[in-house]
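Here is what each chain is made of, one letter per residue.
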Amino acid sequence: MQLGYTLYYVPDVAATVAFYEQAFSLARRFVHESGMYAEMETGATALAFADEKMAGMNGLTILPQRKDAPPASVELCLVTATPEAAYAHAIAHGAQALKTPEAKPWGQVVGYVRDLNGYLVEICSPVSG
């Protein structure tokens, strides 16, 4: 087994792709012509977004994430050599500030924001050692 992609169900795939391009400087890898599915280029494993309606089409019931509700018990971690600058960039482009980057005892710098849908995003440096 290997992790192929991580998928978040969102109310507006196009808006989410545009947000991730601006706030986190990720490039779109693929957008389906229906507009209901997209992937962002993140290295070996893609970050994908699907329209919330697709959950029902797949026979699933989901609890939609909303920015006015507490974040789901999952987070997306974006690793960068410059977490402080990436955090400031994300905030300047619409991410909601939660916790400014700080050094952790294990040598990593970690900060938290929420995306336009309310999902939790960790912006961090690589784990040292």
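In what follows, the structure referred to is the one given above.
Residues numbered from 1 in each chain as written. Predicted model: local features only at pLDDT ≥ 70, side-chain atom pairs only at ≥ 80, totals over all residues. Heavy atoms only, no water.

1. Quick word on the sheet that holds strand β8 (residues 120-124)
- Strand order in the open sheet made by the 4 strands is β5-β8-β7-β6, with mixed pairing throughout. In the strand order of this sheet, the two ends are held by β5 (75-79) and β6 (96-103), each with one partner. Each strand axis lies, on average, 20° off the axis of its neighbour in the sheet, ignoring direction.
- The pairing of β5 with β8 spans 5 bridges and is classified as parallel. Paired with Leu 78 across the bridge in β8 is Ile 123.
- Packed on one face of the sheet, helix α3 (residues 83-92) meets β6, β7 (109-114) and β8 and runs near 175° to β6. (Pairing = 2+ DSSP bridges. Helix = DSSP H or I, 4+ residues; strand = E, 2+ residues; numbered from the N terminus. Axes fitted to C-alpha atoms, helices over the stretch in contact; angles between N-to-C directions. Contact = heavy atoms within 4.5 Å.)

2. Quick look at the packing of aromatic side chains
- Overall, the coordinates contain 6 aromatic pairs when judged by the stated rule.
- Judged by centre distance (4.3 Å) and plane angle (20°), the ring pair of Tyr 8 and Tyr 119 falls under stacked. With Tyr 8 in strand β1 (residues 5-10) and Tyr 119 in the loop between β7 and β8, this residue pair connects regions lying 111 residues apart in the sequence.
- Taking relative accessible area as the criterion, Tyr 119 reaches 8% and is therefore assigned buried.
- Between Phe 19 and Tyr 20, the ring centres sit 5.6 Å apart and the planes meet at 75°, which makes this aromatic pair edge-to-face. With respect to burial, Phe 19 and Tyr 20 carry one shared label: buried.
- A network of ring pairs unites the aromatic residues Phe 19, Tyr 20, Phe 24 and Phe 49 as a single cluster. (Phe/Tyr/Trp six-rings, centres within 6.5 Å; stacked < 30°, edge-to-face > 60°. Buried < 20%, exposed > 50% of the residue type's maximum accessible area, 1.4 Å probe, protein only.)

3. Considering the pairing of β6
- Where β6 meets β7, 5 bridges bridge the pair, whose relative direction is antiparallel. Residue Lys 99 lies in a different strand from β7, and its bridge partner there is Tyr 112.
- Linking β6 to β7, which pair antiparallel, is a turn of 5 residues; within it Gly 107 sits at a positive phi near 95°.

4. Some remarks on the state of the cysteines
- Considering all chains together, one arrives at 0 disulfides under this definition.
- Take Cys 77: it sits in no disulfide, and the sulfur closest to it among the cysteines is that of Cys 124, at 5.4 Å.
- A residue is classified by how much of its surface remains accessible, and Cys 124, at 2% relative accessible area, is buried. (Disulfide = S-S within 2.5 Å.)

5. Focus: the nonpolar core
- Residues Tyr 20, Phe 24, Leu 47, Phe 49 and Val 121 are the most contacted members of the largest nonpolar core, which totals 22 residues.
- Elements supplying a minimum of two residues to this core: β1, α1 (13-24), β3 (37-41), β4 (46-51), β5, α3 and β8.
- Take this core: its biggest share by element is 6 residues, from α1.
- Apart from residues lying up to four places away in sequence, Phe 49 is in contact with Tyr 8, Val 10, Val 13, Thr 16, Val 17, Tyr 20, Met 36, Tyr 37, Ala 38 and Met 40.
- In this structure, Tyr 9, Ala 48, Ala 50 and Ala 55 belong to the second largest nonpolar core, which totals 5 residues. (Core = buried A, V, L, I, M, F, W, Y, C linked by side-chain atoms within 4.5 Å.)

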